[in-house]
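Understanding the architecture of this molecule
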Amino acid sequence: MFSIDIIEQCKRHNQKAQLQLYNQYCQGMYSVAKRFISNTAEAEDLVQDAFIKAFSKLHQFKGDVTFGAWLKRIVVNTCIDSLKSKKQQLDVLEEVHLKVVDTNPHDNWTVDDGVTLNDIKRVIETLPEKYKYVVMLFLIEGYDHQEISEILNISEVASRTQLSRGKQKLQELLKTKNYGTRY
């Protein structure tokens with residue numbers, strides 16, 4: 001059972017407590033990393049890096065969010081930093097070319113019943129990177145536009161615009177799959 005006591009022990013560099021915390025969260029954090037990094041070994045390495053960062057910055061954990069949410073943010077940032085460092089830069093649009101996308105009240109994220117979650121994940125992987133990461137962070141990870149803008153170092157306007165365009169592309173790709181002209 002997880003308790004704040006384990007974190008306090010980890011802050012005192014208790015290796016058994018660190019191992020217990022690692023074992024509790026490693027599989028979940030690996031799943032998060034795999035959404036960004038397709039290479040298994042690289043995703044594992046990035047999770048290890050994220051845990052090292054988390055343990056070294058544990059004094060910054062204040063408990064205002066769950067430990068899992070705090071750790072997940074570190075994993076996501078570590079993955080995105082890795083992608084950026086490999087020159088797989090996100091194609092960020094210049095703000096002067098963006099228009100504010102207001103959400104239509106009739107706008108929804110529903111798909112046809114025949115589309116599975118795996119279909120959606122597979123299609124998200126094919127989106128251009130500038131849309132893929134915003135869609136993943138919003139839909140799969142549950143971040144809002146303010147958090148996405150901080151993680152990807154883009155404006156909230158860019159986040160909304162890229163999400164809207166990514167959603168349109170996603171729905172278009174899912175629709176063609178459903179009609180049998182794709183996949």
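Residues numbered from 1 in each chain as written. Predicted model: local features only at pLDDT ≥ 70, side-chain atom pairs only at ≥ 80, totals over all residues. Heavy atoms only, no water.

**Quick look at the environment of Tyr 131**
- Relative to the helices and strands, Tyr 131 resides in helix H6 (residues 129-140).
- Non-local contacts of Tyr 131, meaning those with residues more than four positions away in its chain, are made with Gln 162, Arg 165 and Gly 166. (Helix = DSSP H or I, 4+ residues; strand = E, 2+ residues; numbered from the N terminus. Contact = heavy atoms within 4.5 Å.)

**Concerning the side chain of Ser 82**
- Residue position: Ser 82 is located in helix H4 (residues 67-85).
- Given the relative accessible area of 12%, Ser 82 is considered buried.
- Discounting residues that sit within four places of it in the chain, Ser 82 has contacts with Glu 42 and Leu 46. (Buried < 20%, exposed > 50% of the residue type's maximum accessible area, 1.4 Å probe, protein only.)

**Structural notes on the confidence of the model for the protein chain**
- Mean pLDDT over the protein chain works out to 80, with 79% of the residues at or above the 70 mark.
- The spread of mean pLDDT over the elements of the protein chain runs between helix H5 (residues 117-126), the lowest at 81, and helix H3 (residues 40-56), the highest at 93.
- Across residues 88-106, where pLDDT falls below 50, the model places 28 contacts with residues more than four positions away in sequence or in other chains. (pLDDT = per-residue confidence, 0-100.)

**Topic: the packing of aromatic side chains**
- For the structure on display, the rule yields 7 aromatic pairs.
- Seen in terms of ring centroids, Phe 36 and Tyr 133 are 6.0 Å apart; in terms of plane orientation they differ by 10°. Their pairing is stacked. Pair noted here: Phe 36 is in helix H2 (residues 15-36) and Tyr 133 is in helix H6, with a separation of 97 residues, a long-range link. The pair formed by Phe 36 and Tyr 133 is uniform in burial state, with each residue classed as buried. (Phe/Tyr/Trp six-rings, centres within 6.5 Å; stacked < 30°, edge-to-face > 60°.)

**Some thoughts on the pattern of salt bridges**
- One pass over the full model with this rule turns up 8 salt bridges.
- The partner of Glu 141 in a salt bridge is Lys 72, and the shortest N-O contact between them spans 3.0 Å. With Glu 141 in the loop between H6 and helix H7 (145-152) and Lys 72 in helix H4, the pair connects residues that are 69 residues apart, well separated along the chain.
- With relative accessibility at 7%, the residue Glu 141 sits in the buried group.
- A salt bridge links Arg 160 to Glu 156; the shortest N-O distance between them is 3.7 Å. One end of the pair is Arg 160 and the other is Glu 156, both in helix H8 (residues 156-178) and 4 residues apart, which spans about a single turn. (Salt bridge = Lys/Arg side-chain N within 4 Å of Asp/Glu carboxyl O.)

**A look at unusual backbone geometry**
- Phi at His 13 is positive, roughly 65°, even though this residue is not glycine.
- Within the secondary structure, His 13 sits in the loop between helix H1 (4-11) and H2.
- For His 13, a relative accessible area of 59% translates into the label exposed.
- At Asn 153, a residue that is not glycine, the phi angle is positive and equals roughly 60°.
- On the secondary structure map, Asn 153 appears in the loop between H7 and H8.

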